[in-house]
Amino acid sequence: MSGSSERKKAALHGKLQQLRSVTNSTAVNTASIIVDASRYIKELKERVEKKYQDVAATSQISSGDPNALPAVTVETLEKGFQINVFSEKNCPGLLVSILEAFEELGLEVLDAKVSCSDNFRLEAVSENEGQEDNIDAQVVKQAVLQAIRNWSASSYEQE
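Keep in mind it's a predicted model, so treat the numbers as computed, not measured.

### Digging into helix H1 (residues 3-22)
Between its terminal C-alpha atoms H1 stretches 28 Å, which fits the 28 Å expected from 20 residues at 1.5 Å a residue. Of the residues flanking the end of H1, it is asparagine 24, one or two places downstream, whose phi is positive at about 55°.

Below, the structure written as structure tokens:
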């Protein structure tokens, strides 16, 4: 085997190991690494498409009715959920309603960023407290949406 051929083979091996690392693959043979990379790319495409849909939904909400309800997205994580709620307007009291919904579902907030000044934005990472796979992202989203509807109805009554 020539030196050039060995260098090419070593370079290919290095690239495959890099691909394996980037895609969090545990595969050892070339075909399996490529299959894992293909799955990883498909998952990334799905996540990008979901983000585009979320952005489109948020722009529809924010560009139209000033009384529109906040946009909600929920993404499943390894041991919980990433929950995002956004509204162009300030929503006094909404955070409490959403946190109560989390509590009713048995979700523990591990990390959160909240902005309530000119608009309302909540980015929260939560985890199921001792409940393995009893709830999914759709259940969480519906609970948050119901909390928003309840908050909206009570806010409307107070005006």
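Picking up after the structure, the text goes on.
### Brief notes about helix H3 (residues 94-105)
Over its 12 residues, H3 runs 17 Å from end to end, which matches the ideal 16 Å to within 8%, given 1.5 Å per residue. Of the positions making up H3, those classed as buried are Leu94, Ser97, Ile98, Ala101, Phe102 and Leu105. Looking straight down H3, one finds that the buried residues subtend no more than 145° of arc, so they occupy a single side. Turned more than 90 degrees off the buried face of H3, the exposed positions are Val96, Glu103 and Glu104. A positive phi of about 80° marks glycine 106, the residue just after H3.

### A closer look at the sheet that holds strand E3 (residues 107-115)
Within a sheet, adjacent strands bond to each other through the backbone by hydrogen bonds, running parallel or antiparallel. Taken in spatial order, the 4 strands of this open sheet run E1-E2-E4-E3, and their pairing is antiparallel. If you trace the sheet from one side to the other, it starts and ends with strand E1 (71-77) and E3, each paired once. For this sheet the average axis-to-axis angle between neighbouring strands, irrespective of direction, equals 15°. In terms of strand pairing, strand E2 (residues 80-87) meets strand E4 (residues 120-128) through 8 bridges, oriented antiparallel. Paired with isoleucine 83 across the two strands is alanine 124, which belongs to E4.

### Points about the pattern of salt bridges
Using the criterion set out here, one finds 3 salt bridges in the structure. Notably, a salt bridge pairs aspartate 36 with arginine 39, separated by 3.3 Å at the nearest N-O pair. Here the residue aspartate 36 and the residue arginine 39 both occupy positions in helix H2 (residues 30-63), the gap between them amounting to 3 residues, near one helical turn. Between glutamate 75 and arginine 47 there is a salt bridge whose closest N-O contact spans 3.5 Å. Of this pair, glutamate 75 sits in strand E1 while arginine 47 is found in helix H2, placing the two residues 28 residues apart along the sequence. Glutamate 75 gets classed as buried once you look at its relative accessible area, which sits at 19%.

### Notes on the environment of phenylalanine 102
Among the secondary structure elements, phenylalanine 102 is positioned in helix H3. For the pair formed by phenylalanine 102 and alanine 143, sequence separation is 41 residues and the distance between their alpha carbons is 8.0 Å. The contacts of phenylalanine 102, once residues within four sequence positions are left out, are Ile83, Leu107, Val109, Ala124 and Val144.

So, how was this worked out
- Residues numbered from 1 in each chain as written.
- Predicted model: local features only at pLDDT ≥ 70, side-chain atom pairs only at ≥ 80, totals over all residues.
- Heavy atoms only, no water.
- Helix = DSSP H or I, 4+ residues; strand = E, 2+ residues; numbered from the N terminus.
- Expected span 1.5 Å × (residues − 1).
- Buried < 20%, exposed > 50% of the residue type's maximum accessible area, 1.4 Å probe, protein only.
- Arc of directions from axis to C-beta.
- Pairing = 2+ DSSP bridges.
- Axes fitted to C-alpha atoms, helices over the stretch in contact; angles between N-to-C directions.
- Salt bridge = Lys/Arg side-chain N within 4 Å of Asp/Glu carboxyl O.
- Contact = heavy atoms within 4.5 Å.

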